[in-house]
Amino acid sequence: MLGGLGGYIIYIALLMIIPIWAQSKVKKTYKKYSKKATSSQMTGAEVARKILNDNGISDVNIEVTKGVLSDHYDPRKKVLRLSKDIYYGQSMASSAIAAHEVGHAIQDAQDYAFLRFRHALVPVASFGSKMSFFLIFAGIIFTMPNMLLFGIIFMSAAVLFQLVTLPVEFDASNRAMGQLVSTGVIRNNEERETKKVLNAAALTYVAAAMVALAELIRFVLIYTASSE
């Protein structure tokens, strides 16, 4: 009993530690490279506009948005939103993050399959994440395996969304590196340091996917045990 409880505590601790560690890594890397200017001294907004222009994308607007590291591309409104520090910053971090978000705009323009699939999953994943825990815990508390199974099915949609997000984000980062080099925004040793920013950002998505998948597996094991 103690071993089982101890294992459960370790499991819960890992679920908490992994995301915190990933976020800490991102913030530390961002803080370091937000102080190092690129040789081109272009702002994040200038980098974004140059890459968009070089790829023949003229229907995407660039806006400043509130928050820190709140940068994102909105495919519905064709808007690239950059946080203030990224929009006006001339650092390696600003260039890397701006280029990454433009990578999503390029994916959108080129009809990238995984991006389309992720967009299609949004309503299903959103509904699934809201309903899954209610059904799962109700199924466990009231010993109703069928309700637990429905909860697992709903959760699977949310987990699938997390997993599909990985290739989308990795591809956007690869596109960002290629564009930053080809446009001359970064040069020589700046490539290695810029890649560290992109890799750190990717950790948050990997951590989220790992946690989501681990949770799903745990509930599947609970369902299997309850059905025996």
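Structure first, text after, so check above.
Residue numbers run consecutively from 1 along every chain, following the written order of its sequence. The predicted origin of the model limits local features to residues at a pLDDT of at least 70 and limits the giving and counting of side-chain atom pairs to 80 or more, whereas totals for whole chains, interfaces and linings rest on all residues. The side-chain numbers reported here are obtained from all heavy atoms of the structure, hydrogens and water having been left aside.

Right, let's talk about the sheet that holds strand β3 (residues 79-83) for a bit. Strands are labelled as partners when DSSP assigns at least two bridges between them. The way it works is that DSSP assigns letters per residue, a run of H or I at least four long becomes a helix, a run of E at least two long becomes a strand, and they are numbered from the N terminus. Taken together, 3 strands build an open sheet; the order of strands is β1-β3-β2 and the sheet is mixed. What marks the edges here is a single partner per strand, and that holds for β1 (61-65) and β2 (72-74). Neighbour-to-neighbour, the strand axes of this sheet turn through a mean angle of 25°, independent of strand direction. Bridge analysis of β2 against β3 gives 3 bridges, and the strand direction is antiparallel. Looking at β3, one finds that D74 is bridged to V79. By the convention used here, residues are in contact when the closest approach between their heavy atoms is within 4.5 Å. Each axis is a line fitted through C-alpha atoms, and for a helix only the stretch in contact is used; angles between axes span 0 to 180 degrees, taken between their N-to-C directions. Contacting β1 and β3, helix α2 (residues 44-54) runs over the sheet at an angle of about 160° to β1. Strand contacts of helix α4 (residues 92-109): β2 and β3, with the helix running at about 25° to β2, the strand carrying the most contacts.

What follows deals with the packing of aromatic side chains. Centre distance within 6.5 Å is the pairing criterion for rings of Phe, Tyr and Trp, where only the six-membered ring of Trp is used; planes under 30 degrees apart are then read as stacked, over 60 as edge-to-face, and the remainder as tilted. Scanning the entire structure with this criterion turns up 6 aromatic pairs. Consider the rings of Y87 and Y88, whose centres lie 4.8 Å apart with planes at 65°: the pair is edge-to-face. Residue burial is assigned from relative accessible area. The probe radius is 1.4 Å, only protein chains are included, and a residue is buried under 20% of its type maximum, exposed over 50%, and partly exposed in between. Taking relative accessible area as the criterion, Y88 reaches 51% and is therefore assigned exposed. Following the ring pairs from residue to residue traces out a cluster consisting of F133, F137 and F219. Whether a charge sits over a ring depends on NZ of Lys or CZ of Arg being within 6 Å of the ring centre and within 35 degrees of the ring normal. One residue, R175, lies across the ring of Y112, its end atom 5.5 Å from the ring centre. The ring of F219 carries R218 above its face, with NZ or CZ at 4.5 Å from the centroid.

Another point: the nonpolar core. Note on terminology: a nonpolar core comprises buried Ala, Val, Leu, Ile, Met, Phe, Trp, Tyr and Cys residues joined through side-chain atoms within 4.5 Å. L80 and L82 are the most contacted members of the largest nonpolar core, which has 32 residues in total. It is α4 that contributes the most residues to this core, 9 residues altogether. What L80 contacts, discounting residues up to four positions off in sequence, is A48, V60, N61, I62, E63, H72, Y73, E101 and V102. Counting residues in each nonpolar core, the second largest holds 8 residues, with I136, L148, M155 and F219 among its members.

Looking now at a positive patch on the surface. Among the surface-exposed residues, K25, K28, K32, R192 and K196 lie close enough to one another that they form a single positively charged patch. When residues of the positive patch are traced back to their parent elements, those giving at least two are α1 (2-33) and α7 (190-227). Tracing the chain through its elements places R192 in helix α7. Taking the relative accessible area as the measure of exposure, R192 reaches 52% and is therefore exposed. Residues with no salt bridge and a relative accessible area higher than 30% make up the patches, which join like charges within 9 Å and nonpolar side chains (Val, Leu, Ile, Met, Phe, Trp, Tyr) within 5 Å. Values of accessible area rely on a 1.4 Å probe in the Shrake-Rupley scheme; residue burial ignores everything except the protein chains shown. What makes a salt bridge here is a side-chain nitrogen of Lys or Arg within 4 Å of a carboxyl oxygen of Asp or Glu, nothing more. A positive count includes Lys and Arg, and a negative count includes Asp and Glu. His and the chain ends are not counted in either. To locate a charge, the coordinates of NZ of Lys, CZ of Arg, CG of Asp or CD of Glu are taken.

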